[in-house]
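# Inside the fold
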Amino acid sequence: MEKGYIHSIESLGTVDGPGVRTVVFLQGCVLRCRYCHNPDTWECNAGKAYTAKELFDRVIKFRPYFGSSGGITASGGEPLIQAKFLYEFFKLLKEAGVHTAIDTSGLINEHVKKLLTKTDLVLLDIKHTDPIEYKKLTGSDLIAPQKMHAYLIENNIPFWIRQVIVPGINDNIEQIKELAKYCIHAQKYELISYHTLGLNKWKKLNIPYTLEGVDPPSKELMTNLRTALKEEVNRLKTL
Ligand code: SF4
């Protein structure tokens, strides 16, 4: 049976999806986001190996905390790299009536499509809306999240759009207006402040951190961008 490689488990998360959630951080990511706060999840076959049933048994005990709106979120790393394993895990969760969510940078293939049949919500991170800037920020192509976004809409799969705002990288109004196009069909959209809490991990892993000296965005900037995003989404919805 396929094993999953797990970095860590956060029992009572409140920011990765609705309600109180247990967040499972999976190993493996091919992106190299300059602000990544989990570079220790990048390696694929690291962490602790679990069968789907072992992982299910480990997390199901937190169910009393989920209430009516919480559940389990698979995060990472990029959890969809282990889509085959996640399908087995989510299948068990759905049989037990648990809400399932995936926090992803976006990826679509046959394994992911199958997994989405057992997924209640996708938290899709559109890191930048300009293809060139996206590549500079992540080392990867915008086409992957774009394809996933289109697939979610076509198949009526509920999703949220998220973006981490990094001053000097994606904190301009033009970028936010582009982002609004991704948000029209989203159940919810969120702008998240860049932070430097993962910096020590980069140092420990001896990887050069290229955003050294970039401060988190001010509260005022975040408020302005959130307002601009909301106005643009509402404007687009009336067209
Ligand atoms: S997609 Fe997530 S885990 Fe991967 S590099 Fe970017 S922030 Fe880090």
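For the structure itself, look to the data block above.
These lines cover the structure that appears in this document, whether it is placed above or below. These numbers were taken from a predicted model, which means no experiment stands behind them.

Here the focus is the sheet that holds strand 8 (residues 188-193). The strands making up a sheet are joined through hydrogen bonds of the backbone, oriented either antiparallel or parallel. Taking strand neighbours across the sheet as the criterion, the eight strands line up as 3-1-2-4-5-6-7-8 in an open arrangement whose pairing is mixed. The open sheet has two edge strands with one neighbour each: strand 3 (48-50) and strand 8. For this sheet, the mean inter-axis angle between neighbouring strands, taken without regard to orientation, is 30 degrees. Looking at chain direction, strand 6 (residues 121-125) and strand 7 (residues 159-165) are connected through four bridges and run parallel. Paired with Asp-125 across the two strands is Arg-162, which belongs to strand 7. Its contacts with the sheet place helix 6 (residues 173-183) against strand 7 and strand 8, and it is angled at close to 165 degrees to strand 7.

On to the pattern of salt bridges, then. Summed over all chains, the structure comprises 14 salt bridges. Members of the salt-bridge network, linked through shared partners, are Asp-16, Asp-103, Arg-162, Lys-188 and Glu-190.

Taken together, Cys-29, Leu-31, Cys-33, Cys-36, Trp-42, Gly-77 and Lys-127 form the complete shell of residues around the ligand. Each residue belonging to the shell around the ligand can be placed in one class, and the counts come to five nonpolar, one polar and one charged.

Let's shift gears to the environment of Tyr-182. Take Tyr-182: it is sitting in helix 6. For Tyr-182 and Thr-129, which are 53 residues apart along the polypeptide, the C-alpha to C-alpha distance reads 9.1 Å. A polar atom in the side chain of Tyr-182 sits 3.2 Å from the side chain of Gln-146.

On to the nonpolar core, then. Core analysis: the largest hydrophobic core is formed by 66 residues, its most contacted members being Tyr-35, Phe-89 and Ile-161. Among the elements that line this core, the one with the most residues is helix 2 (residues 83-95), at seven residues. The contact partners of Phe-89, leaving out residues within four places of it in the chain, are Val-24, Ala-52, Leu-55, Phe-56, Val-59 and Ile-72.

Okay, the side chain of His-149 next. Secondary-structure assignment places His-149 in helix 5 (residues 143-154). Side-chain polar atoms of His-149 contact the backbone oxygen of Tyr-182, separated by 3.0 Å.

Attention now moves to the side chain of Gln-163. On the secondary structure map, Gln-163 appears in strand 7. Here Gln-163 falls in the buried class, since its relative accessible area comes to 0%. Polar contacts involving the side chain of Gln-163 include one to the side chain of Gln-175, which spans 2.9 Å.

All right, on to the packing of helix 1 (residues 52-59) against helix 2 then. At their nearest, the axes of helix 1 and helix 2 sit 9 Å apart, and the two run at 45 degrees to each other. If you check the angle between helix 1 and helix 2, you find them oblique. With respect to the hand of their crossing, helix 1 and helix 2 are arranged in right-handed fashion. Here helix 1 contributes Ala-52, Lys-53, Leu-55, Phe-56 and Val-59 to the contact with helix 2, which in turn contributes Phe-85, Glu-88, Phe-89, Leu-92 and Leu-93. In terms of residue class, the contact of helix 1 with helix 2 is built from eight nonpolar, no polar and two charged.

Let us now look at the environment of Thr-104. Looking at where Thr-104 falls in the secondary structure, it is placed in strand 5 (residues 99-104). A relative accessible area of 2% places Thr-104 in the buried class. When the C-alpha positions of Thr-104 and Leu-124 are compared, they lie 5.3 Å apart, and in sequence the two are 20 residues distant. Those residues in contact with Thr-104 that sit more than four places away from it in its chain are Glu-78, Leu-80, Val-122, Leu-123, Leu-124, Asp-125 and Met-148. A polar contact is formed between the side chain of Thr-104 and the backbone nitrogen of Gly-106, at a distance of 2.8 Å.

We now examine the packing of aromatic side chains. For any two aromatic rings, the description comes down to two numbers: the centre-to-centre distance and the angle of the planes. A complete count under the given rule lists four aromatic pairs for this structure. Measuring from centroid to centroid gives 6.4 Å for Phe-85 and Phe-89, while their planes differ by 10 degrees, and the two rings are stacked. With Phe-85 and Phe-89 both in helix 2 and four residues apart, this pair spans about one turn of that helix. Its relative accessible area of 1% is what places Phe-85 among the buried residues. An angle of 75 degrees between the planes, with centres 5.0 Å apart, marks the rings of Trp-202 and Tyr-209 as edge-to-face. Just as Trp-202 is buried, Tyr-209 falls in that class too. These aromatic residues form a ring-pair network of at least three members: Trp-42, Trp-202 and Tyr-209. Just above the ring of Trp-160 sits the side chain of Lys-188; from NZ or CZ to the centre is 4.3 Å.

Conventions we followed
Residue indices follow the written sequence of each chain, beginning from 1 at its first position. Totals for whole chains, interfaces and linings use all residues, but because this is a predicted model, local features are given only for residues with pLDDT of at least 70 and pairs of side-chain atoms are given and counted only at 80 or more. Each side-chain value is derived from all of the structure's non-hydrogen atoms; neither hydrogens nor water enter the calculation. A pair of strands is treated as paired once DSSP finds two or more bridges between them. The numbering of helices and of strands both runs from the N terminus, where a helix is a DSSP run of H or I of at least 4 residues and a strand a run of E of at least 2. Axis definition: a line fit to C-alpha positions, over the contact stretch in the case of helices; interaxial angles, taken between N-to-C directions, run 0 to 180 degrees. Note on contacts: a residue pair qualifies if any of its non-hydrogen atoms lie within 4.5 Å across the two residues. The term salt bridge refers to a pairing of a side-chain nitrogen on Lys or Arg with a carboxyl oxygen on Asp or Glu at a separation within 4 Å. The criterion for a residue being near a molecule or strand is simple. One of its heavy atoms has to lie within 4 Å of it. Any residue outside Ala, Val, Leu, Ile, Met, Phe, Trp, Tyr, Cys, Pro, Asp, Glu, Lys and Arg is labelled polar, Gly included; the first ten of those are nonpolar and the last four are charged. The definition of a polar contact used here is a pair of N or O atoms within 3.5 Å, where within protein one atom must be able to donate a hydrogen and the other to accept one, and adjacent residues in sequence count solely through side-chain atom pairs. Nonpolar core, defined: a set of buried Ala, Val, Leu, Ile, Met, Phe, Trp, Tyr and Cys residues in which side-chain atoms within 4.5 Å join the residues together. The buried label applies to any residue whose accessible area, calculated with a 1.4 Å probe on protein chains only, is under 20% of its type's maximum; exposed applies above 50%, and partly exposed to all values in between. Oblique is the label for any angle not covered by the other classes, which are roughly parallel (under 35 degrees), roughly antiparallel (over 145) and roughly perpendicular (65 to 115). Handedness of a crossing follows from how the near helix is turned relative to the far one, being left-handed for an anticlockwise turn of less than a right angle and right-handed for a clockwise one. Two aromatic rings from Phe, Tyr or Trp, using only the six-membered ring of Trp, form a pair when their centres are within 6.5 Å; if the ring planes differ by under 30 degrees the pair is stacked, by over 60 it is edge-to-face, and anything between is tilted. The criterion is that NZ of a Lys, or CZ of an Arg, lies within 6 Å of the ring centre and within 35 degrees of the ring normal, and then a charge sits over that ring.

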